[in-house]
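Summary of structural features
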Amino acid sequence: MIADFQERYAKRHELAKRWKKEGKRIFGYFCGYAPEELIDAAGIIPVRILGSLDKVTLADSHLQSFICAFGRSCLDQGLKGTYNYLDGMVTSKTCDIMRNMPGIWSRNIEIPFVGYIGAPAKRTKAARECLIEEFKVLRSKLEEFIGKSIDDDSINQSIETYNESRKLLKELYEIRGKDNSPLSGSDFYHVVRAGFVTPKKEYNKMLSSLKSELISSKSSKDGKVRFLVSGSTFEDVNILKMIEEVGGSIVADDLCIGSRYFWDLVEPASDPIRSLADRYQMRIACPCKHPSEERMERILEEVKKHRVEGVISIVQKYCDTHLFEYPYMKDVLQKNDIPFLYLETEDRLGEEGQFKTRVQAFIEMLR
Amino acid sequence: MSDKKPEKKKRLKTAEKLGKLMADYYTESAMVKAQKKPVAWLSSVAPVEVCYTMDVFPIYPENYGTMCAARKLSAEFCAAAEAKGFSTDLCSYALNNLGSIYLNKGPFMGQGLPEPDLLIATEHACLSMAKWWEELSRHFNVPLYIVDAALPVGEDLSPHHINYFAEQLRELMGFVEEHTGNKFDMDKFKEVLGYSDEASKLFLEIGALRKTVPSPISPIEIFTNMFPIVTLAGKKEAVEFYNELYDEISELAKRKEAAVPNEKYRLLWDLFPIWYNLNLFKYIEEKGGVVVADVYATTFGGRVDISRPFEGLAERYVGNPLLSYGVQQKTELYKQMIKEYHVDGVVFHSNRSCRMASMGQYDVKQGIYEDIGIPGAIFESDFVDPRSYSDEQVKDTLDSFFEILESRG
């Protein structure tokens, strides 16, 4: 079953090209702050633009060496034509890299529609009102693009579909956190990632089947050290696999490609735009947002709830916001007597052995 | 890298006055704690007018970074922040400031900056500021207010962008009232905004005088003369100073008196100076190059519509193109400036500390060349942390660039 999810992601570009042939429109988005429901309600399939483990060649003449591997790889894929099937992209203001990306992308890669949401960083009422306005602007730009209006009912339907996905992912998240769970952290990463590139209704069916399968299956996690993994995006799932191979078990997360993406549901209300703005503003914060305390509090809660024995932070080199919060996170965890290991990556596991030795030593210390 | 201080003998008559303004400000900053006046630490492009309205003394850790760099203290300070777990890849303004706090050292009488009672930062120039200020708030355990801006990139500002910022400025006044006990007064606010607007107007006009060939003011002079508009916007002294500076520079412009002899190639500079090596401008000048335009200095000048005080002030801070322009708009802006300032070439300082401003430089350079045939050069360094600076590499890049300019005649 996990292989199905893996395959979905591996064949994502092939599948997208097929949809395209069927006459469907496809939009790309960079991160979990893009309101996919609005794109979906416009009858456009949203897919998340992610990097790859291929060698970066073309992006080097556009981006300095001090831009993160994720940004470089995404742009490189775009320049190589991998995302030529996109009819548009929607970016939400998160980090400084994401802020600059649409301009560079659209200058070099033909893309008919570029939507940018200047999302506020704060969690206040005024910020919410501003985000509502930004979503309204996106809605009308989308309407103009497709040549018809997007009514509230369509948005509500999309909200329902997306909420269903989130509920199922949360259930799977809980299954993963159980003792002797049949679902590993690396497998769950495959599951989450497949959702970025699969139309959500179809994806929900896949999630439901997986759930039934898991409920009746047995453990593979016995006797391992229980970890919460936190951090930015990374492409190489082998980082998680390695942790599992040397005796760790990932039972909870605070990952961009993980719970931060799906944790919060949209509360349906009379005005769907308002509901969406509520959700995207108040979702578990990425370190790009302000303030940071709530994210730390949630990590502590998850640690308690899932009897986590150690936290492993996997952070993309040059990711300013995660890097700025590292000393803070270390401090919070130390004060709560939670062992902590920090790994800085450039999207991949990298030199064989270096991370492994550190994770092994960490596990030895915890046993 | 040469250790000699640039601009030993000041060319401008107003330099003495500028020196006095700076000295007064730093003398006051040294006494402000004893006077029990509240101190706020502000990020750049944070609304200093709020401080002057509310009788709070503003301190700029970023300004301080430039000074620590100029006085060769920044390497030690950055290392001290790294020892606390801050990555060496983070902004060196931040690392320098945090390190100086941990070491309790600084360029003035060996002391650090007066500790803040309040912290105020914006996040639209870059996100690192918000994160850095959050860390300051945890370290000093003092209240923090982030003025957030939901800016569009590559699109025009809408009323809701202005309103969101303005709404926060109102809230910020309340925040300062709550934590200092000082009361907000609309008349005082308007007076402060009037001075701020007037100083901005003059500062922008002084910048525009660089359109004159030869340029009547040098880049080091422009960057040095930013101090009042950054730190004293809203004070009468800033207006008086810029009035004098304007008179002096416009007189030089009228007489066609060159700030730098042998002005052969007029250059546009993007974006930050290297604060520990302002002599790089001297090197450029030896080659016949003069920086006559930049968007760095002008970022700090922005007009205020006083009839709508909060919205007007919001526009001053979010209306700057540099902070909301995508690659294409920036290319267009630079093309326009190249025309107006009679620019022969563009020098891009790819600043490792500032991903926000550096990202896209390759595309802007390419775009300008493709559209109007004006060449550019990009060199990499860090604006405050000298530890990995390679003078040779930077000069090599510039040498090749001047060869290109020469070959174009």
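Summarised in this report is the structure supplied together with it. All figures in this text were calculated on a predicted structure; none of them were measured in a lab.

Calculation rules
- Residues numbered from 1 in each chain as written.
- Chains lettered and ligands numbered in written order.
- Predicted model: local features only at pLDDT ≥ 70, side-chain atom pairs only at ≥ 80, totals over all residues.
- Heavy atoms only, no water.
- Helix = DSSP H or I, 4+ residues; strand = E, 2+ residues; numbered from the N terminus.
- Rg over C-alpha atoms; globule rule 2.2 N^0.38 Å.
- Contact = heavy atoms within 4.5 Å.
- Areas by Shrake-Rupley, 256 points an atom, 1.4 Å probe, with all protein chains shown as cover.
- Buried < 20%, exposed > 50% of the residue type's maximum accessible area, 1.4 Å probe, protein only.
- Right-handed = clockwise from strand over helix to strand, strands pointing away.
- Polar contact = N/O pair within 3.5 Å; in protein donor to acceptor, adjacent residues only side chain to side chain.
- Arc of directions from axis to C-beta.
- Pairing = 2+ DSSP bridges.
- Axes fitted to C-alpha atoms, helices over the stretch in contact; angles between N-to-C directions.
- Buried area = accessible area lost by both parts, 1.4 Å probe.
- Salt bridge = Lys/Arg side-chain N within 4 Å of Asp/Glu carboxyl O.
- Nonpolar A, V, L, I, M, F, W, Y, C, P; charged D, E, K, R; others polar.

Considering the overall build of chain B
Tallying secondary structure elements over chain B gives 18 helices and eight strands in all. For 409 residues, the compact-globule formula gives about 22 Å, and the C-alpha radius of gyration of chain B, at 21 Å, lands near that figure. Summarising its shape, the C-alpha atoms of chain B cover approximately 65 × 50 × 40 Å along the three principal directions. Of all intrachain contacts in chain B linking residues separated by at least 6 positions in sequence, the fraction that spans at least 24 positions is 77%. On chain B, roughly 15,200 Å² of surface is accessible, and the fraction owed to carbon and sulfur atoms is 49%.

Some details on the pairing of strand E2 (residues 44-48) of chain A
Residues and elements named next belong to chain A. Across the five residues that make up E2, a large majority, five, are buried. Alternating positions in E2 separate into two faces, Ile44, Pro46 and Arg48 on one and Ile45 and Val47 on the other, with burial throughout. With respect to chirality, the unit in which strand E1 (residues 25-29) leads through helix H3 (residues 36-41) into the neighbouring parallel E2 is right-handed.

Thoughts on the environment of threonine 233 of chain A
Residue and element names in this part refer to chain A. By the secondary structure assignment, threonine 233 is in the loop between strand E5 (225-231) and helix H10 (238-245). For threonine 233 and leucine 349, which are 116 residues apart along the polypeptide, the C-alpha to C-alpha distance reads 13 Å. In contact with threonine 233, other than residues within four places in its own chain, are Arg48, Phe70, Cys256, Ile257, Gln316 and Asp347.

Details of the side chain of glutamine 281 of chain A
All names here are of chain A. One can find glutamine 281 in helix H12 (residues 272-282). Classification of glutamine 281 as buried rests on a relative accessible area of 7%. Within the structure, the side chain of glutamine 281 is placed 3.0 Å from the backbone oxygen of lysine 122, a separation counted as a polar contact. Apart from the residues within four sequence positions on either side, glutamine 281 is in contact with Lys122, Arg123, Thr124, Ala127, Arg128 and Leu131.

A word on helix H2 (residues 12-21) of chain A
All names here are of chain A. Every buried residue of H2 is accounted for by Arg12, His13, Leu15, Ala16 and Trp19. End-on, the buried residues of H2 take up no more than an arc of 160 degrees, which puts them together on one face. On its buried face, H2 is in contact with helix H1 (2-10), E1, E2 and helix H4 (69-79). Trailing H2 by a residue or two, glycine 23 shows a phi angle of about 90 degrees, which is positive.

Examining the sheet that holds strand E8 (residues 376-381) of chain B
Residues and elements named next belong to chain B. Spatial ordering of the open sheet is given by E6-E5-E7-E8, a layout of four strands whose pairing is parallel. With partners counted over all chains shown, the strands left at the sheet margins are strand E6 (289-294) and E8, one partner each. Between one strand axis and the next, the sheet turns through 30 degrees on average, direction left out of account. Sheet analysis places strand E7 (residues 345-351) next to E8, joined by six bridges and oriented parallel. Its bridge partner being in E8, valine 346 is matched across the sheet by glycine 376. Where helix H15 (residues 327-340) meets the sheet, it contacts strand E5 (265-270), E6 and E7, and its direction lies at approximately 155 degrees from that of E5. Along the sheet, helix H18 (residues 391-408) makes contact with E5, E6, E7 and E8, crossing E8 at roughly 175 degrees.

Some thoughts on the interface of chain A and chain B
Chain A puts 53 residues into the contact, and the matching count from chain B is 51 residues. Interface area, chain A with chain B, both sides summed: about 4,400 Å², of which 57% is carbon and sulfur. Three residues stand out in chain A for area buried against chain B, namely Arg99, Arg107 and Phe324 of chain A, and they jointly supply 19% of the buried area on that side. Counting across the chain A and chain B interface gives seven salt bridges. Note that lysine 93 of chain A is salt-bridged to glutamate 123 of chain B, the shortest N-O span being 2.8 Å. Secondary structure elements with two or more residues in the side of chain A that touches chain B: helix H5 (96-108), strand E4 (113-117), helix H6 (125-146) and helix H14 (320-335) of chain A. Residue contributions to the side of chain A that touches chain B peak at 10 residues, all from H5 of chain A. Of the residues assigned to the side of chain A that touches chain B, the class counts are 25 nonpolar, 14 polar and 14 charged.

Some details on the pairing of strand E6 (residues 248-255) of chain A
All names here are of chain A. Counting buried positions along E6 yields eight of eight residues, so the element is predominantly enclosed. The pairing of E5 with E6 spans seven bridges and is parallel. Residue leucine 228 lies in a different strand from E6, and its bridge partner there is alanine 252. Each parallel crossover has a hand, and the one from E5 via H10 to E6 is right-handed.

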